[in-house]
Amino acid sequence: MPTVSMTVNGKSVSAEVEPRTLLVQYLRESLGMTGTHVGCDTSQCGACVVHVNGESLKSCTMLAAQAEGADVATIEGLANGDELHPMQEAFRENHGLQCGFCTPGMVMSALDLVQKNPDPSEQEVREWLEGNLCRCTGYHNIVKSILAGAEALRG
Amino acid sequence: MYQFNYQKAGSADEATSAVAAADDGRFLAGGMTLIPTLKQRLAQPSDLVDLADIGDLVGIEDGGDSVTIKAMTRHVDVANSDVVQSKIPALAGLADNIGDPQVRNRGTIGGSVANNDPAADYPAAVLALNATVITNQREIAAESFFDGMFTTVLEEGELITAVRFPVPEKAAYTKFPNPASRYALVGVMVAQTGGETRVAVTGAGQDGVFRASDIESALSGNWSADAAKGVKMSDDGLNTDIHASAEYRAHLISVMASRAVTAAG
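Residues numbered from 1 in each chain as written. Chains lettered and ligands numbered in written order. Predicted model: local features only at pLDDT ≥ 70, side-chain atom pairs only at ≥ 80, totals over all residues. Heavy atoms only, no water.

Caption draft 1: Highlighting the domain arrangement of chain A. Residue and element names in this part refer to chain A. Domain parsing of chain A yields domain 1 (3-75) and domain 2 (86-154). Relative to domain 2, the C-alpha centre of domain 1 lies at a distance of 21 Å. Counting residues at the interface gives 17 residues for domain 1 and 16 residues for domain 2. Between domain 1 and domain 2 lies a buried interface of about 1200 Å² when both sides are counted; carbon and sulfur atoms form 58% of it. Linking domain 1 with domain 2 are one salt bridge, by the criterion used here. In this structure, glutamate 55 and lysine 116 form a salt bridge, with 3.7 Å as the shortest nitrogen-oxygen distance. At the junction of domain 1 with domain 2, the criterion picks out eight residue pairs in polar contact (both at pLDDT 80 or more). Counting residues per element, the ones that place at least two in the side of domain 1 that touches domain 2 are strand E3 (49-52) and strand E4 (55-58). Ranked by the residues each element gives to the side of domain 1 that touches domain 2, the list is headed by E4, at three residues. (Domains from an automatic or database assignment. Contact = heavy atoms within 4.5 Å. Buried area = accessible area lost by both parts, 1.4 Å probe. Salt bridge = Lys/Arg side-chain N within 4 Å of Asp/Glu carboxyl O. Polar contact = N/O pair within 3.5 Å; in protein donor to acceptor, adjacent residues only side chain to side chain. Helix = DSSP H or I, 4+ residues; strand = E, 2+ residues; numbered from the N terminus.)

Caption draft 2: Fine view of unusual backbone geometry. In this structure, Asn53(A) takes a positive phi of about 50° despite not being glycine. Assignment of secondary structure puts Asn53(A) in the loop between E3 and E4. Unlike most non-glycine residues, Asn116(B) shows phi in positive territory, near 45°. Along the chain, Asn116(B) turns up in the loop between helix H7 (109-115) and helix H8 (122-128). Look at Asn116(B) and you get buried, because its relative accessible area is 0%. (Buried < 20%, exposed > 50% of the residue type's maximum accessible area, 1.4 Å probe, protein only.)

Caption draft 3: Quick peek at helix H5 (residues 140-154) of chain A. All names here are of chain A. Counted at 1.5 Å a residue, the expected span for H5 with its 15 residues is 21 Å, and the 21 Å between its end C-alpha atoms agrees. Among the residues of H5, those classed as buried are Ile142, Val143, Ser145, Ile146, Gly149 and Ala150. On an axial view of H5, the arc spanned by its buried residues comes to 160°, and they lie on one face. Residues of H5 that are buried sit in contact with helix H2 (86-93), helix H3 (103-116) and helix H4 (122-128). A positive phi of about 75° marks glycine 155, the residue just after H5. (Expected span 1.5 Å × (residues − 1). Arc of directions from axis to C-beta.)

Caption draft 4: The arrangement of the pattern of salt bridges in detail. Following the criterion strictly, the structure yields 24 salt bridges over all chains and no others. Across the salt bridge formed by Glu18(A) and Arg20(A), the nearest N and O atoms sit 2.6 Å from each other. Taking the relative accessible area as the measure of exposure, Arg20(A) reaches 22% and is therefore partly exposed. Asp41(A) is the partner of Lys39(B) in a salt bridge, and the nearest nitrogen-oxygen pair spans 2.9 Å. Note that Lys39(B) is positioned in helix H2 (residues 34-39) and Asp41(A) in the loop between helix H1 (23-30) and E3, a pairing that runs across two chains. Several salt bridges share partner residues, and in doing so they unite Glu55(A), Asp112(A), Lys116(A), Arg74(B) and Asp77(B) into one network.

Caption draft 5: Molecular detail of a negative patch on the surface. Residues and elements named next belong to chain B. Together, Asp23, Asp24, Glu155 and Glu156 make up a negatively charged patch on the protein surface. Mapping aspartate 23 onto the fold places it in the loop between helix H1 (12-21) and strand E2 (25-28). Given the relative accessible area of 78%, aspartate 23 is considered exposed. (Patch = residues over 30% accessible without salt bridge, like charges linked within 9 Å, V, L, I, M, F, W, Y side chains within 5 Å. Areas by Shrake-Rupley, 256 points an atom, 1.4 Å probe, with all protein chains shown as cover. Lys, Arg positive; Asp, Glu negative; His and termini not counted. Charge placed at Lys NZ, Arg CZ, Asp CG, Glu CD.)

Caption draft 6: Inspection of the interface of chain B and chain A at higher detail. In this assembly, 28 residues from chain B lie in contact with 26 residues from chain A. When chain B packs against chain A, close to 2300 Å² is buried across both sides, 52% of that on carbon and sulfur atoms. Counting across the interface, chain B meets chain A through four salt bridges. We note a salt bridge from Arg104(B) to Glu130(A), for which the minimum N-O separation is 3.5 Å. At the boundary of chain B with chain A, the tally comes to 10 residue pairs in polar contact (both at pLDDT 80 or more). Those elements that provide at least two residues to the side of chain B that touches chain A are strand E1 (5-8), H2, strand E3 (47-50) and helix H6 (101-104) of chain B.

Caption draft 7: How the structure looks around the sheet that holds strand E7 (residues 139-141) of chain B. All names here are of chain B. Across the sheet, which stays open at both edges, the five strands sit in the order E4-E5-E8-E6-E7 with antiparallel pairing between neighbours. Both edges of this open sheet fall to strand E4 (60-62) and E7, since each of them pairs with a single strand only. If you compare each strand with its neighbour and ignore which way they point, the axes differ by 20° on average. Where strand E6 (residues 132-135) meets strand E8 (residues 160-166), four bridges bridge the pair, whose relative direction is antiparallel. In the sheet register, valine 133 faces E8, and the bridge partner there is valine 163. (Pairing = 2+ DSSP bridges. Axes fitted to C-alpha atoms, helices over the stretch in contact; angles between N-to-C directions.)

In structure tokens, the structure reads:
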């Protein structure tokens, strides 16, 4: 089997995987990093969103081999020890989750938005979340969380 | 997914050679359709040849009265391109509404056009704007490129390298997206180029993208939202599925066309 190597949350990693291995399988099964979730497995729900070379994408719709040599960021890389990342803290503070299944993807997607648009309007946040589905919250508190997280990150 | 071999090609020539050498090779562009197709075991290629590292296949060129978009240019880069925004804003807008941000960060124009999904957005632009599909072997006019659902006239191993769009006088694209997948339930591109009116419909036809000649005729004499809305489309040859009936899609075509005319101004 070919060896696929990349950087995940700043650490070099390497694993032997079949070419058909998805990036999300590589993260969850080869590396044991289960923070990135598989929801629909059809590129619609966004629970599997991670960053590859600084941009958000759905890791259930990318082969691990396509990420060879890439710089990957997942939800596990955000907190600093016990201290949550400001976007995670905003989700906690604003009750931006109920069951929490979609949350890793929501947070990673939100961080891609705020790096492109540090001060998004509510409408821009809602449009950005086209590719992230939540079946609990009705989105309202997720949008509030992202607006609060963006404000915190602006400092 | 079934097993396959995977390799990255460094050039278009290397990619076409690799596909030719394989038992059943396929090009891999952004993978936004091919990977889901493989996951459902609807395709079983022996080899995937990834085009991601071929820098020559990425970029947007301003040709004055045309805009050429190279095949591996991602939707997000078409949407954000100054050239496309100023020359063909309808095309930038179309790209900005494909799928969702994560899909737009990966999906490419060449992949979308080659795949000819009956509900994809780009085929409507290619047909309505009378674009030319450029491959490693020839140039193909939009009119003769699409050949039924998921089918084009591309030969085995033929690689799209770019799509050239003439700059229209006016154009707009309006779609009614499926709320989950964001694919077009019905999408309509209207365009006036060199005095000719073209209306292309995606999402609705059983054979994929098509020109709505009745709406084209109505708009040729009277470029107005009412003229488009006044056309009662036949539901012959339109899709019925869990999302909408053929009759509903027929109605939506006129409605989307009229909104597109309003947007085009």
